[in-house]
Amino acid sequence: MTIIGLDDTDSRERGMCTTYLATRLAEAIDEAGGAVDRRLLIRLNPAVEHKTRGNAALAIHTDIDSERALDLAVAELEPLAEVDDPRTSPGVVVADDEPAAVPDAVAEFTRRAIRELLDPTDALELLDEAGYRHRGWAGGRGRIGALAAVGSWAALDQWTYEHIAYREFDRCGTPRDVDEDSVFEAAECAYPDAWDTVDRVEAQAVCVPNAPGPIIYGIRGDDARVVSDLAGRIESEPVERTATFLTNQGTDVHLRDGALGDLRDGRAYRVDGTVASDPETRRGGHVFFQLRDPNAVDTHIDCVAFEPTKRFRDRVRALRVGDDLTVCGEVGSGTLKLEKFAVRSLRRTEETNPTCPECGRSMASAGRDQGYRCRDCGTSRSSPETVDLDRDLETGWYEVPPCARRHIAKPLIRGGFDAPVHPER
Ligand code: ATP
């Protein structure tokens, strides 16, 4: 078996898409008499600054020989890749290996590419060691992603699907013509096996990209049949070609278990802590709070729900000091960008100044360690009053809505969480 890995062929401004290149390459393999077994769409570490959009890399599993595979990949890539864009740095890797039996070091490289920041030399050294064919253009940074895509079948054990419909190529750059009502209806029928097709609250067809490029829509789900059936019910401009990819989207494979005090920029974590400051909405609508280690008061991190996470921010604003959480998200500049969180326990009471038994007004502090006194009646109390807190949250998992979901983040509706879930759709 031959595995072809591809990455970094598109440009943010001009809009290509490595999935399109992979689809064209699969067609070229077919025309050359080869068979394509699988197409993989792998999302790598979303914290990578070089990414154009979603840090995707692609792999094709085929029976064509590796030399011919490299020739075909180069022939497809060279005319399509946006190599003039200084940010585009394509790479192709071809492995003469069974996809499930690549060397352990290659599978480990994939896991690291999803969870850490790597250097192109890491890829080049391993490529030499494994004896894989490869080509790079404009620096060839794309070989990191291409090699990670090659190792992914062996490295990963959770797979989802994306069915992508492509535009007629000369329409690229013009507004997409998609009947949104048909998208919402089809999405409703296929939910929850197909997820993140639309955002019902924002009334947004999230399966239709905004960026320039050849994709009309991409339908994601747990089942290949469901995603292609859903796509078949969407009314749109002519679909030139389609492809269904196996992907690691919606799996949370980028998250690692972490501990406060031990978190590093450029990585994404699942971490426990206690809310240490009431949530605060700052300029731009971003909501911040501090999470601390309950056993080490000085060990803490700021968590943020950014403005584009929309209604998720109301969940964050409902948190109170003392709530116990598990938070998930990427750490950058020492701040954890929330993707989801679980409420483990809610603080149910708070202490307030006591009420004066004579006049019913709130008593004032009488000074440090001196209890409380009513200014009007002179009554005093030694300790504060404990009152019940009205809470707008329940225990369990809360998440950003589909319109703000990272490709790799697992929607709660997919299940497998360790507490009740409150899915957004
Ligand atoms: P495209 O559709 O072109 O794939 P993209 O949003 O997926 O767009 P790329 O243009 O591929 O982003 O840019 C990502 C770059 O980062 C690639 O060169 C890839 O090889 C590299 N890369 C991927 N994962 C890592 C990582 N963990 N550490 C460092 N570099 C990485």
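Just above, that's the structure.
For clarity, every value in this text was computed on a predicted model and none was experimentally measured.

Student: I'd like to hear about the pattern of salt bridges, residue by residue, with values.
Tutor: One pass over the full model with this rule turns up 29 salt bridges. Here R200 and E188 are joined by a salt bridge, their closest N and O atoms 3.2 Å apart. In this pair, R200 is assigned in the loop between β7 (194-195) and β8 (215-221) and E188 in helix α6 (residues 180-190), connecting sequence segments 12 residues apart. A salt bridge links R405 to D196; its shortest N-O distance comes to 2.8 Å. One end of the pair, R405, is in the loop between β22 (396-399) and β23 (421-422); the other, D196, is in the loop between β7 and β8, and 209 residues separate them in sequence. In the salt-bridge network here, residues are joined through shared partners; they are E330, K337, E339 and R406.

Student: Can you tell me about the packing of aromatic side chains, naming the residues and giving the values?
Tutor: Under the definition given, this model contains six aromatic pairs. Look at W153 and W159: their rings are 4.9 Å apart centre to centre, the planes differ by 40°, and that puts the pair in the tilted class. Taking relative accessible area as the criterion, W153 reaches 22% and is therefore assigned partly exposed. In this structure W159 comes out as buried when scored by relative accessible area, which is 18%. Here F312 and F341 contribute two aromatic rings whose centre-to-centre distance is 5.7 Å and whose plane-to-plane angle is 45°, an arrangement assigned as tilted. Here F312 is found in helix α8 (residues 312-317), whereas its partner F341 is found in strand β16 (residues 335-345), with 29 residues between them in sequence. Taken individually, F312 and F341 each receive the classification buried, so the pair is uniform in this respect. Through pairs of rings, three or more aromatic residues link up here, namely Y20, Y166 and F169. Residue placement shows R282 over the ring face of F288; its charged tip is 4.0 Å from the ring centre.

Student: How would you summarise the packing of helix α1 (residues 18-31) against helix α2 (residues 66-80) if you had to cite specific residues and measurements?
Tutor: When two helices pack together, their arrangement is captured by the angle between the axes and the distance separating the axes. Here α1 crosses α2 at 140°, and the two axes come no closer than 9 Å. Classified by the interaxial angle, the pair formed by α1 and α2 is oblique. Relative to α2, α1 is oriented so that their crossing is right-handed. Residues Y20, L21, R24, L25, A28 and I29 of α1 pack against L72, A73, E76, L77 and L80 of α2. Considered class by class, the residues forming the contact of α1 with α2 number nine nonpolar, no polar and two charged.

The rules behind these values
Residues numbered from 1 in each chain as written. Predicted model: local features only at pLDDT ≥ 70, side-chain atom pairs only at ≥ 80, totals over all residues. Heavy atoms only, no water. Salt bridge = Lys/Arg side-chain N within 4 Å of Asp/Glu carboxyl O. Helix = DSSP H or I, 4+ residues; strand = E, 2+ residues; numbered from the N terminus. Phe/Tyr/Trp six-rings, centres within 6.5 Å; stacked < 30°, edge-to-face > 60°. Buried < 20%, exposed > 50% of the residue type's maximum accessible area, 1.4 Å probe, protein only. Lys NZ or Arg CZ within 6 Å of the ring centre and 35° of its normal. Axes fitted to C-alpha atoms, helices over the stretch in contact; angles between N-to-C directions. Parallel < 35°, antiparallel > 145°, perpendicular 65-115°, else oblique. Left-handed = near helix turned anticlockwise from the far one by under 90°. Contact = heavy atoms within 4.5 Å. Nonpolar A, V, L, I, M, F, W, Y, C, P; charged D, E, K, R; others polar.

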